[in-house]
Amino acid sequence: MDDQVDKLRLVIIVGAARDDRFGLAAAEWLGARARSRQDFEVDVIDLATAWLPDLMGADPAAPLPSAVRDLSPWLAAADAFAVVTQEYRFGCPASLKNAIDWYDMEWHAKPVGFVCYGGASGGLCAVGQLRQVFAETHAVTLQETVSFHHYQQCRGDRGQLLETEDCRRDAIALLDRLAWWAHALSRARRNEPYDHPRLATAED
């Protein structure tokens, strides 16, 4: 079988939009690990440069802003997502929640893994919040997570991520599970397109 045909498209989303972001280094690190495998093609989307508007109209029939339309094909083409997020006040960044809310079918029946960072909690409170959010998008969130506690200690003098044995092991587990779910859900979507469950009516 041609390896190129069977490759999965992994989209890594950098959720934080602050200057001097550890998240960008974490995304580049995970992307390099994913590209070293035979099963992934990788795109990195930095929400700081996506310029998604933060004001949504009330009319669902209104045309979408151009920035939202421009990003949609990249998300729609993904077989799997890895979301890189910092924790702000026990939650996820507003820029990330905003990006999730702009889209719908792009998330359906696709796996989502997390790379998170923060202080003592390592960003896990943000991940707990995001699991609830992604459940409403019909995505499948993974248990395997890469978490950086006291992340400033994980940075090199050039801002790069300093890999440890623990984070290397966790990244391998995350990518393995993303590949498993991406293959399974991709096959399922090919066999039967994913739609919202049909609501029962009195005539049923």
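Residues numbered from 1 in each chain as written. Predicted model: local features only at pLDDT ≥ 70, side-chain atom pairs only at ≥ 80, totals over all residues. Heavy atoms only, no water.

Caption draft 1: Structural detail: the packing of aromatic side chains. Summed over all chains, the structure comprises nine aromatic pairs. Where W29 meets F148, the ring centres are 5.8 Å apart and the plane angle is 75 degrees; that geometry is what we call edge-to-face. Here the residue W29 occupies a position in helix α2 (residues 22-35), and F148 occupies one in strand β5 (residues 140-148), the gap between them amounting to 119 residues. The pair W29 / F148 is uniform in exposure class, with both members buried. Put simply, the rings of F22, W29, Y117, F148 and Y151 touch in pairs and so form one group of aromatic residues. (Phe/Tyr/Trp six-rings, centres within 6.5 Å; stacked < 30°, edge-to-face > 60°. Helix = DSSP H or I, 4+ residues; strand = E, 2+ residues; numbered from the N terminus. Buried < 20%, exposed > 50% of the residue type's maximum accessible area, 1.4 Å probe, protein only.)

Caption draft 2: Region of interest: the environment of L178. Examined against the element boundaries, L178 turns out to sit in helix α6 (residues 165-191). According to the relative accessible area criterion, L178 is buried, its value standing at 0%. Along the primary structure L178 and F40 are separated by 138 residues, whereas in three dimensions their C-alpha atoms are 10.0 Å apart. Residues within four places of L178 in sequence aside, it is in contact with L10, F40, A80, F81, A82, P111, V112, G113 and L142. (Contact = heavy atoms within 4.5 Å.)

Caption draft 3: Spotlight on unusual backbone geometry. Located in the positive-phi region is W51, a residue other than glycine, with phi close to 55 degrees. In this structure, W51 sits in the loop between β2 (40-46) and α3 (66-76). In this structure, H150 takes a positive phi of about 50 degrees despite not being glycine. The topology assignment puts H150 in the loop between β5 and α6.

Caption draft 4: Examining the nonpolar core more closely. Ranked by internal contacts, the top residues of the largest apolar core, which has 32 residues, are L10, F40, F148 and L178. Secondary structure elements with two or more residues in this core: β1 (8-14), α2, β2, β3 (80-86), β4 (111-117), β5 and α6. Examining the composition of this core, we find that seven residues originate from one element, α6, more than from any other. Judged by nonpolar contacts, the second largest core, of 29 residues, contains I13, L47, A50 and F81. (Core = buried A, V, L, I, M, F, W, Y, C linked by side-chain atoms within 4.5 Å.)

Caption draft 5: Quick look at the layout of surface pockets. Empty space within the largest pocket amounts to approximately 240 Å³. Looking at the largest pocket, the residues that line it are M56, G57, A58, D59, P60, A62, P63, L64, P65, D101 and W102. Classifying every residue of the lining of the largest pocket by side-chain character gives eight nonpolar, one polar and two charged. (1 Å grid on protein atoms, 1.4 Å probe; cavity = no way out; pocket = protein on both sides within 12 Å on 5 of 7 lines; lining within 4 Å. Points joined across faces, edges and corners; volume = space filled by probe spheres on them. Nonpolar A, V, L, I, M, F, W, Y, C, P; charged D, E, K, R; others polar.)

Caption draft 6: Expanded view of the side chain of D46. In this fold, D46 is placed in strand β2. Side chain to side chain, D46 and R21 meet in a polar contact 2.7 Å long. (Polar contact = N/O pair within 3.5 Å; in protein donor to acceptor, adjacent residues only side chain to side chain.)

Caption draft 7: Spatial organisation of the sheet that holds β2. The five strands lie next to each other as β2-β1-β3-β4-β5, forming an open sheet whose pairing is parallel. Looking at which strands have only one partner, the edges of the open sheet turn out to be β2 and β5. Here the average twist between neighbouring strands, direction ignored, is 20 degrees. Sheet topology places β4 next to β5; six bridges connect them, and they run parallel. Within β5, the position partnered with V112 by the bridge is T141. Strands β1, β2 and β3 of the sheet are contacted by α3, whose axis makes an angle of about 155 degrees with β2. (Pairing = 2+ DSSP bridges. Axes fitted to C-alpha atoms, helices over the stretch in contact; angles between N-to-C directions.)

Caption draft 8: Expanded view of the packing of α2 against α6. In contact at an axis separation of 11 Å, α2 and α6 are set at 60 degrees when each is read in the N-to-C sense. For the element pair α2 / α6, the angle class is oblique. When you trace α2 past α6, the crossing you get is right-handed. Contacts between α2 and α6 involve W29, L30, R33 and A34 from the first element and C167, R168, A171, I172 and L175 from the second. Tallied by class, the residues present in the contact of α2 with α6 amount to seven nonpolar, no polar and two charged. (Parallel < 35°, antiparallel > 145°, perpendicular 65-115°, else oblique. Left-handed = near helix turned anticlockwise from the far one by under 90°.)

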